[in-house]
Amino acid sequence: MRCEVCGKRIYGKPQKVVIEGAVMVVCGKCAKHGAIYHEPPKPKLKTSIKRNLSRSSPTVSTAKSTPKLEENLELVEGYGLKVRKAREKLGLSHEDLGRKIGEKVSVLKKIETEKMIPDNVLAKKLEHALQIKLLVEAKEPKIKYEALQSRRVKTLTLGDVANIKTRKAEDAKEREQ
Ligand SMILES: [Zn+2]
């Protein structure tokens, strides 16, 4: 067992202390530089990583604006109005259209006001019944989103955490000299 601060072998009981927010196992001499570490219910380091990750990922919240569907398809913009106009053009009431595609009137009304996003199956039924196009190829390919995700994970890996720890240890060592 070696001291994480000075690197010397720890004789006797190693001590856990907090130095600049990092928990370290140190020797009796280096323990004086930090505050005695009290074991929390959850490891302190782990929660701080999580916080860092969520803070460095503003991309997640922006992704929800356009509904994503499977097969890289997404709903056209203004799909609600498109459905309503097409239905009215065909002289169909909500009830007529509902009967035609086997869907509840309330669901159709919600879709037309864009309070509800139809799934792929329902969107395709509407496309057929109304002779319109509701599903289009997604502008952004899925790969782009995955790339964003992997970049996000890369921002703080366990390796980085270890590096931070080592750096802290080195800083402390320098101060000691
Ligand atoms: Zn030490």
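Residues numbered from 1 in each chain as written. Predicted model: local features only at pLDDT ≥ 70, side-chain atom pairs only at ≥ 80, totals over all residues. Heavy atoms only, no water.

**A word on the pattern of salt bridges**
A side chain of one charge can pair with a side chain of the opposite charge when the charged atoms of the two come close.
Thought 1: According to the stated counting rule, one finds 5 salt bridges in the structure shown.
Thought 2: Close ionic contact of Glu88 with Arg84 constitutes a salt bridge, the shortest N to O distance being 3.2 Å. Placement of both Glu88 and Arg84 in helix H3 (residues 79-89) is noted, with a separation of 4 residues, approximately one turn of the helix.
Thought 3: Given the relative accessible area of 32%, Arg84 is considered partly exposed.
Thought 4: For Arg99, the salt bridge is made with Asp96, and the minimal N-O distance between the two is 3.1 Å. On the criterion of helical spacing, the pair formed by Arg99 and Asp96 is a turn pair, its members being 3 residues apart in helix H4 (residues 94-101).
Thought 5: On the accessibility criterion, Asp96 (28% relative accessible area) is partly exposed. (Salt bridge = Lys/Arg side-chain N within 4 Å of Asp/Glu carboxyl O. Helix = DSSP H or I, 4+ residues; strand = E, 2+ residues; numbered from the N terminus. Buried < 20%, exposed > 50% of the residue type's maximum accessible area, 1.4 Å probe, protein only.)

**A word on helix H5 (residues 105-112)**
Thought 1: Three or more residues of H5 are buried, namely Val107, Leu108, Ile111 and Glu112. Projection of H5 onto a plane perpendicular to its axis shows the buried side chains occupying an angular sector of 135°, all on one side.
Thought 2: The inward-facing, buried residues of H5 contact H3, H4 and helix H6 (120-130).
Thought 3: Positive phi shows up at Glu114, right after H5, with a value of about 60°. (Arc of directions from axis to C-beta. Contact = heavy atoms within 4.5 Å.)

**Focus on the environment of Ala129**
Thought 1: On the secondary structure map, Ala129 appears in helix H6.
Thought 2: Spatially, the C-alpha atom of Ala129 lies 7.3 Å from that of Lys100, the residues being 29 residues apart in sequence.

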